Amino acid sequence: MLAVAVLGLAVLTPAADAQVGTGPWTPESPGYSEQERGCGQISGLTFQLTCSTGSGDQRAERRYTTYTGGTHQFEGSFKITSMTGSRISLKQTFRDGSNAGPFFMLAVEKGGRLYAVHGGETIATGATVGTTVRVNTINQVGGTHKVYINGSQKDSVPSPGGSYYDKFGSYRTASGAGPVTVQWSGVRFWRK
């Protein structure tokens, strides 16, 4: 009787496996703070830049807790609901500590091209208004940083040792401008 109850519980327990990458993965719930600067506005998981200003600090983002060492996975889906601007950063992996600064920035151009801000290479296409896109990043600190779009690996670069944190939302790149409205959903984190 106990075996049946335990088996039933196991069937009802959601899997801890992430969408991509080789596990096993352990779910985690890092804390976060929100950043609204310039014309950036946040309402729940909706991130807006309400102006077309091509200068200054225009951002609406969530910044998650810093981690050091290990392998960490971020997953989230975004849908751009309106965009008359272009070159808006959506997801960032940032270095913290003595080497603080952006390590990887995934941005979108008005036509739907997703690209790496540093280097400019195309990551994927099709991130047009109204289309939901799933993003996973796996950062093996001291190993590799990988980017997946809709479950397919699209980028891999060496990841130096040190401390990192994840950010997402909408952020005007140096060559970009709003307005833009981005809705995020399904945000999850794992480590191993």
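Predicted, not measured: the structure shown is a model, and the values here were computed from it.

## A closer look at the overall build of the protein chain
Reasoning step 1: When helices and strands are counted, the protein chain shows one helix and 16 strands.
Reasoning step 2: Expected size for 192 residues packed as a compact globule is a radius of gyration near 16 Å; at 18 Å, the protein chain falls within 12% of this value.
Reasoning step 3: Along the first, second and third principal axes, the C-alpha set of the protein chain runs to 65 × 35 × 30 Å.
Reasoning step 4: The contacts in the protein chain between residues at least 6 apart in sequence include a share of 66% that link residues at least 24 apart.

## A look at the state of the cysteines
Reasoning step 1: Using the criterion set out here, one finds one disulfide in the structure.
Reasoning step 2: A sulfur-sulfur separation of 2.2 Å characterises the disulfide bridge that pairs Cys 39 with Cys 51. Handedness of the Cys 39-Cys 51 disulfide follows from its S-S torsion of about -65°: it is left-handed. With Cys 39 in the loop between strand 2 (32–37) and strand 3 (40–43) and Cys 51 in the loop between strand 4 (46–49) and strand 5 (59–64), the pair connects residues that are twelve residues apart, well separated along the chain. The burial state of Cys 39 is the same as that of Cys 51; both residues are buried.

## Regarding the pattern of salt bridges
Reasoning step 1: Summed over all chains, the structure comprises twelve salt bridges.
Reasoning step 2: For Asp 96, the salt bridge identified is with Arg 63, shortest N-O distance 3.4 Å. Taken as a pair, Asp 96 in strand 8 (residues 86–96) and Arg 63 in strand 5 lie far apart in primary sequence, 33 residues in all.
Reasoning step 3: A salt bridge links Asp 166 to Lys 91, with the nearest nitrogen and oxygen atoms 2.8 Å apart.

## Here we look at unusual backbone geometry
Reasoning step 1: For the peptide bond that leads from Gly 23 to Pro 24, omega is 5°, which places it in the cis range.
Reasoning step 2: Topologically, Pro 24 is positioned in the loop between helix 1 (2–12) and strand 1 (26–28).
Reasoning step 3: Residue Pro 179 is bonded to the preceding Gly 178 through a cis peptide linkage, with omega at 0°.
Reasoning step 4: As for its placement among the helices and strands, Pro 179 is situated in the loop between strand 15 (163–177) and strand 16 (180–191).
Reasoning step 5: Although it is not a glycine, Arg 87 adopts a positive phi angle of roughly 60°.
Reasoning step 6: One can find Arg 87 in strand 8.
Reasoning step 7: On the basis of relative accessibility, which here comes to 24%, the residue Arg 87 falls in the partly exposed class.

## Thoughts on the packing of aromatic side chains
Reasoning step 1: Tallied over the entire structure, the rule returns twelve aromatic pairs.
Reasoning step 2: Here the aromatic rings of Phe 78 and Trp 184 are separated by 5.5 Å at their centres, their planes lie at 50°, and the arrangement is tilted. Placement of Phe 78 in strand 7 (residues 71–83) and of Trp 184 in strand 16 is noted, with a sequence separation of 106 residues between them.
Reasoning step 3: According to the relative accessible area criterion, Phe 78 is buried, its value standing at 1%.
Reasoning step 4: For Trp 184, a relative accessible area of 3% puts it in the buried group.
Reasoning step 5: Summarising the aromatic geometry, the rings of Phe 168 and Trp 184 are spaced 4.8 Å apart at their centres and angled 50° between planes, so their arrangement reads as tilted. One end of the pair, Phe 168, is in strand 15; the other, Trp 184, is in strand 16, and 16 residues separate them in sequence.
Reasoning step 6: One aromatic cluster in this structure is built from Tyr 32, Phe 47, Tyr 64, Phe 74, Phe 78, Phe 168, Trp 184 and Phe 189.
Reasoning step 7: Note that Lys 91 overlies the ring of Phe 74, its terminal NZ or CZ placed 4.9 Å from the centroid.
Reasoning step 8: For the cation-ring pair, Lys 192 lies above Trp 25, with the distance from its terminal atom to the ring centre recorded as 4.9 Å.

Conventions adopted
Residues numbered from 1 in each chain as written. Predicted model: local features only at pLDDT ≥ 70, side-chain atom pairs only at ≥ 80, totals over all residues. Heavy atoms only, no water. Helix = DSSP H or I, 4+ residues; strand = E, 2+ residues; numbered from the N terminus. Rg over C-alpha atoms; globule rule 2.2 N^0.38 Å. Contact = heavy atoms within 4.5 Å. Disulfide = S-S within 2.5 Å. Buried < 20%, exposed > 50% of the residue type's maximum accessible area, 1.4 Å probe, protein only. Salt bridge = Lys/Arg side-chain N within 4 Å of Asp/Glu carboxyl O. Phe/Tyr/Trp six-rings, centres within 6.5 Å; stacked < 30°, edge-to-face > 60°. Lys NZ or Arg CZ within 6 Å of the ring centre and 35° of its normal.

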